[in-house]
Amino acid sequence: MNRFIVSVCILALGGCSPSKTAAPSGISLEKQTAPEAYRVKFATSKGDFVMDVKRSWSPRGADRFYELIKSNFYDDARFFRVRPKFVVQWGIHKDPKVGMLWHQLQIPDDPIVQSNLRGFVTFATGGPNTRTTQVFVNLADNARLDKTGFSPFAKVSEGMDVVDQLYSGYGECAPRGAGPDQGEIEKQGNQYLIGHFPRLDYIKTARIL
């Protein structure tokens, strides 16, 4: 599972060149090369924020994020892990069937070009070459994450105050805290989160500007 190292909790506009790649269960996923720079607006239950994505920082990460945004993957996704002065994390699809397909499409790691400083956005990982759909925003300067392979691909350029205000009352994810269990989110989707963690903030839409 793509879990942002839960076992240690971390202490723990240009064109594109589409091509086709085989996805699980015979579904065709359009693989795209992202523009060298693009912006993404997240409309959330708390307000809006904007990310500037730079492909030169993390090419594979920027490409995958572009594919996810173009497919509306993050619409209605919950910010299921909010650790003040650490990270805000999201990226498990509301529909477990869709999430499972993307979970099998892992991408190789990118070199570390930018540091995990406040406002930078990075894919979560469960180990080397396991990035899929989960991402996090650094709420503080977390440069210690650089040496463990977390490669930022974007930075929040507008609305960081919104990110800071996302609901954090449930605490750390299970099993280390009383917050959501990522395994249950993957199995049940938003049904689990709405039923057990109704106060979580969420993404209304995420679109390329």
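Residues numbered from 1 in each chain as written. Predicted model: local features only at pLDDT ≥ 70, side-chain atom pairs only at ≥ 80, totals over all residues. Heavy atoms only, no water.

Draft legend 1. Summary view of the overall build of the chain. Secondary structure summary: the chain contains five helices and ten strands in total. Counting all 209 residues of the chain, 53% fall into the buried class. When the accessible surface of the chain is totalled, it reaches about 9,300 Å², and 51% of it is carbon and sulfur. (Helix = DSSP H or I, 4+ residues; strand = E, 2+ residues; numbered from the N terminus. Buried < 20%, exposed > 50% of the residue type's maximum accessible area, 1.4 Å probe, protein only. Areas by Shrake-Rupley, 256 points an atom, 1.4 Å probe, with all protein chains shown as cover.)

Draft legend 2. Geometry of the sheet that holds strand β4 (residues 48-54). Here we have eight strands laid out as an open sheet, ordered β5-β6-β8-β7-β9-β4-β3-β10, and antiparallel in their pairing. Here the strands that pair on one side only, and so sit at the sheet edges, are β5 (81-83) and β10 (203-208). Going from strand to strand, the sheet's axes swing by 25° on average, the running direction of each strand aside. Contacts between helix α1 (residues 59-70) and the sheet are confined to β3 (37-44), β4, β7 (120-123), β8 (135-138), β9 (152-158) and β10, with β3 contributing the most and set at about 45° to the helix. (Pairing = 2+ DSSP bridges. Axes fitted to C-alpha atoms, helices over the stretch in contact; angles between N-to-C directions. Contact = heavy atoms within 4.5 Å.)

Draft legend 3. Seen up close, α1. An ideal rise of 1.5 Å per residue puts 16 Å on twelve residues; α1 measures up with 16 Å between its terminal C-alpha atoms. Most of α1 is tucked away: nine of the twelve residues are buried. Taken as a whole, α1 has its buried residues at Gly61, Ala62, Asp63, Arg64, Phe65, Tyr66, Glu67, Leu68 and Ile69. With its phi angle positive at about 60°, asparagine 72 sits one or two positions after the end of α1. (Expected span 1.5 Å × (residues − 1).)

Draft legend 4. Quick peek at the packing of aromatic side chains. Per the counting criterion, the structure on display carries 17 aromatic pairs. Each ring, one from tyrosine 167 and one from tyrosine 170, has its centre 5.2 Å from the other, and the planes form 70°; the classification is edge-to-face. (Phe/Tyr/Trp six-rings, centres within 6.5 Å; stacked < 30°, edge-to-face > 60°.)

Draft legend 5. Structural view of the confidence of the model for the chain. Residues of the chain with pLDDT of at least 70 account for 86%, and the chain-wide mean is 89. Predicted confidence is poor over residues 1-28, with pLDDT under 50, and the contacts of this stretch with residues over four places away or in other chains come to 90 contacts. (pLDDT = per-residue confidence, 0-100.)

Draft legend 6. Quick peek at the nonpolar core. With 35 residues, the main nonpolar core has Phe42, Phe49, Met51, Phe65, Tyr74 and Trp90 as its most contacted residues. A per-element tally of this core places α1 first, with five residues. Dropping the residues within four chain positions of it, methionine 51 is found in contact with Tyr38, Arg39, Val40, Phe42, Phe65, Trp90, Val121, Val137, Ala154, Lys155, Val156 and Ser157. Phe80, Tyr167, Cys173 and Ile185 belong to the second largest nonpolar core, which has ten residues in total. (Core = buried A, V, L, I, M, F, W, Y, C linked by side-chain atoms within 4.5 Å.)

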